[in-house]
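What follows is the residue order along each chain.
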Amino acid sequence: MADLAPGARVLKAFNSVPMDWIQNYSDSKPRTVLFISGDDELAKGNLRTVLEGIGFACVDLGSLAVGGRLQQVGGPLAGLNLVLQGRFPI
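These numbers were taken from a predicted model, which means no experiment stands behind them.

(A) Quick peek at the pairing of strand S3 (residues 57-60). Pairing analysis gives four bridges linking strand S2 (residues 33-38) to S3, with the strands arranged parallel. In the strand pairing of S3, Val33 is matched with Ala57.

(B) The sheet that holds S2, seen in detail. Across the sheet, which stays open at both edges, the three strands sit in the order S1-S2-S3 with mixed pairing between neighbours. Sheet topology places strand S1 (11-12) and S3 at the edges, where each strand pairs with a single neighbour. Where helix H2 (residues 41-53) meets the sheet, it contacts S1, S2 and S3, and its direction lies at approximately 160° from that of S3.

(C) How the structure looks around the nonpolar core. Membership of the largest hydrophobic core is limited to seven residues, which are Val17, Trp21, Leu34, Ile36, Leu51, Phe56 and Cys58. Look past the residues within four positions of Leu34 in its chain and what remains in contact with it is Ala13, Phe14, Val17, Leu51, Phe56, Ala57, Cys58 and Val59. The next biggest cluster of nonpolar side chains, apart from the first, holds five residues, and it includes Val33, Phe35, Ala57 and Leu61.

(D) Local environment of the pairing of S2. The element S2 is extensively covered by neighbouring structure, given that six of its six residues are classed as buried. Side chains Val33, Phe35 and Ser37 of S2 all project onto a buried face; the interleaved residues Leu34, Ile36 and Gly38 project onto the opposite face, where all are buried too. At this point the chain moves from S2, through H2, to the parallel S3, and the crossover so formed is right-handed.

(E) Geometry of the side chain of Ser37. Within the secondary structure layout, Ser37 lies in strand S2. Within the local environment of Ser37, its side chain forms a polar contact with the side chain of Gln71, the two groups lying 2.8 Å apart. Beyond its immediate chain neighbours, meaning those up to four positions away, Ser37 contacts Val10, Leu11, Lys12, Lys44, Leu61, Gly62, Ser63, Leu64, Gly67, Gly68 and Gln71.

(F) How the structure looks around the pattern of salt bridges. Scanning the model with the defined rule gives four salt bridges in all. Put simply, Asp60 and Lys44 hold a salt bridge, and the shortest N to O gap is 3.0 Å. Here Asp60, found in strand S3, pairs with Lys44, found in helix H2; they are 16 residues apart in sequence, far enough to count as distant. Given a relative accessible area of 33%, Asp60 falls into the partly exposed group.

(G) Inspection of H2 at higher detail. Here H2 spans 18 Å end to end across 13 residues, near enough to the 18 Å set by a 1.5 Å rise per residue. Taken residue by residue, H2 has Ala43, Lys44 and Leu51 as its buried positions. The buried residues of H2 occupy one face: seen down the axis, they fall within an arc of 95°. The outward face of H2, more than 90 degrees from its buried face, is lined by the exposed residues Glu41, Leu42, Thr49 and Gly53. Each element contacted by the buried residues of H2 is listed here: S1, S2 and S3. Here H2 starts with a cap whose side-chain oxygen sits 3.0 Å from the backbone nitrogen of Leu42, and that cap is Asp40. Once H2 ends, the next one or two residues include Gly55, with phi positive near 105°.

Cut-offs and rules
Residues numbered from 1 in each chain as written. Predicted model: local features only at pLDDT ≥ 70, side-chain atom pairs only at ≥ 80, totals over all residues. Heavy atoms only, no water. Pairing = 2+ DSSP bridges. Helix = DSSP H or I, 4+ residues; strand = E, 2+ residues; numbered from the N terminus. Contact = heavy atoms within 4.5 Å. Axes fitted to C-alpha atoms, helices over the stretch in contact; angles between N-to-C directions. Core = buried A, V, L, I, M, F, W, Y, C linked by side-chain atoms within 4.5 Å. Buried < 20%, exposed > 50% of the residue type's maximum accessible area, 1.4 Å probe, protein only. Right-handed = clockwise from strand over helix to strand, strands pointing away. Polar contact = N/O pair within 3.5 Å; in protein donor to acceptor, adjacent residues only side chain to side chain. Salt bridge = Lys/Arg side-chain N within 4 Å of Asp/Glu carboxyl O. Expected span 1.5 Å × (residues − 1). Arc of directions from axis to C-beta.

Just distances and angles here, no functional claims.
As structure tokens, then:
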């Protein structure tokens, strides 16, 4: 896909999240983990800021070539329903 849009900042996210889940805007919904991938670190940082601001917990999988394959349909992370319960103390 990125090859079809030279110069564009292509990111991959939401590709395996069902639409019925996205349409649930309730405040009681747990923070869902959302995988993001892309080759442009600035663009990924901007997307992360927006997505975390609306309640997602983003996990950066790296480049489109590596992370994109992990989350595409048929990949090992596609369709997982993960929620952030909290963070371990560091």
